[in-house]
Amino acid sequence: QVQLVESGGGLVQAGRSLSVSCAFSGRTFSRYTMAWFRQAPGKEREFVAAISWAGSNTDYADSVKGRFTISRDNAKNTVYLQMNSLKPEDTAVYYCAASTVILSPRATAYNYWGQGTQVTVSS
């Protein structure tokens, strides 16, 4: 069974940077597309970024394009989300997700989810 554990969330001022990580275990990491989603209070979960199994293809939500970077280290079974120029509207619980299908921004395409890590951006 796949397990995903996020880490690295916290409180940061607007304009600063923060990186979150997701450790994968239980299956062969390099066979999975990985993604980050987020959910703010009172809002639906939304797509943030995704990366293909080899890391050669990525996709981003328009709201984070140019500010966030998703990457992966298949040797360490870990996916990362580097967040720069953070804004208060980036405040949310960030979830890591894994899928055996190709890149997708749809939450329903992802089979496995982590518990989430809180990111709070103060103004």
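Everything numeric in this text was worked out from a predicted model, so none of it was measured. (Residues numbered from 1 in each chain as written. Predicted model: local features only at pLDDT ≥ 70, side-chain atom pairs only at ≥ 80, totals over all residues. Heavy atoms only, no water.)

Notes on the packing of aromatic side chains
For step 1, the next point in the chain: Counted by the stated rule, this structure contains seven aromatic pairs.
For step 2, the next point in the chain: Seen in terms of ring centroids, Phe24 and Phe29 are 5.0 Å apart; in terms of plane orientation they differ by 55 degrees. Their pairing is tilted.
For step 3, the next point in the chain: When its relative accessible area of 4% is taken as the criterion, Phe24 is described as buried.
For step 4, the next point in the chain: A relative accessible area of 1% places Phe29 in the buried class.
For step 5, the next point in the chain: One aromatic cluster in this structure is built from Phe24, Phe29, Tyr32 and Tyr112.
For step 6, the next point in the chain: Note that Arg45 overlies the ring of Trp113, its terminal NZ or CZ placed 4.8 Å from the centroid.
For step 7, the next point in the chain: Its guanidinium or amino end placed over the ring of Phe29, Arg72 lies 4.2 Å from that ring's centre, counting from NZ or CZ. (Phe/Tyr/Trp six-rings, centres within 6.5 Å; stacked < 30°, edge-to-face > 60°. Buried < 20%, exposed > 50% of the residue type's maximum accessible area, 1.4 Å probe, protein only. Lys NZ or Arg CZ within 6 Å of the ring centre and 35° of its normal.)

Observations regarding the sheet that holds strand S3 (residues 18-25)
For step 1, the next point in the chain: Pairing within the open sheet is antiparallel, and its four strands lie in the order S1-S3-S8-S7. Unpaired on one side and paired on the other, strand S1 (3-7) and strand S7 (68-73) mark the two borders of the sheet. Strand after strand, the sheet turns through a mean of 15 degrees between neighbouring axes, direction not considered.
For step 2, the next point in the chain: Bridging between S1 and S3 involves five bridges; their strand directions are antiparallel. Across the sheet, Val5 pairs through a bridge with Ala23, a residue of S3. (Pairing = 2+ DSSP bridges. Helix = DSSP H or I, 4+ residues; strand = E, 2+ residues; numbered from the N terminus. Axes fitted to C-alpha atoms, helices over the stretch in contact; angles between N-to-C directions.)

Here we look at the nonpolar core
Nonpolar side chains tend to gather and get buried jointly when the protein is soluble and globular.
For step 1, the next point in the chain: Leu4, Met34, Trp36, Val79, Leu81, Met83 and Tyr94 are the most contacted members of the largest nonpolar core, which has 38 residues in total.
For step 2, the next point in the chain: Those elements that provide at least two residues to this core are S3, strand S4 (33-39), strand S5 (46-51), S7, strand S8 (78-83), strand S9 (92-99) and strand S11 (117-122).
For step 3, the next point in the chain: Among all residues touching Met83, those that are not within four sequence positions of it are Arg16, Ser17, Leu18, Val20, Arg67, Phe68, Tyr94 and Val119. (Core = buried A, V, L, I, M, F, W, Y, C linked by side-chain atoms within 4.5 Å. Contact = heavy atoms within 4.5 Å.)

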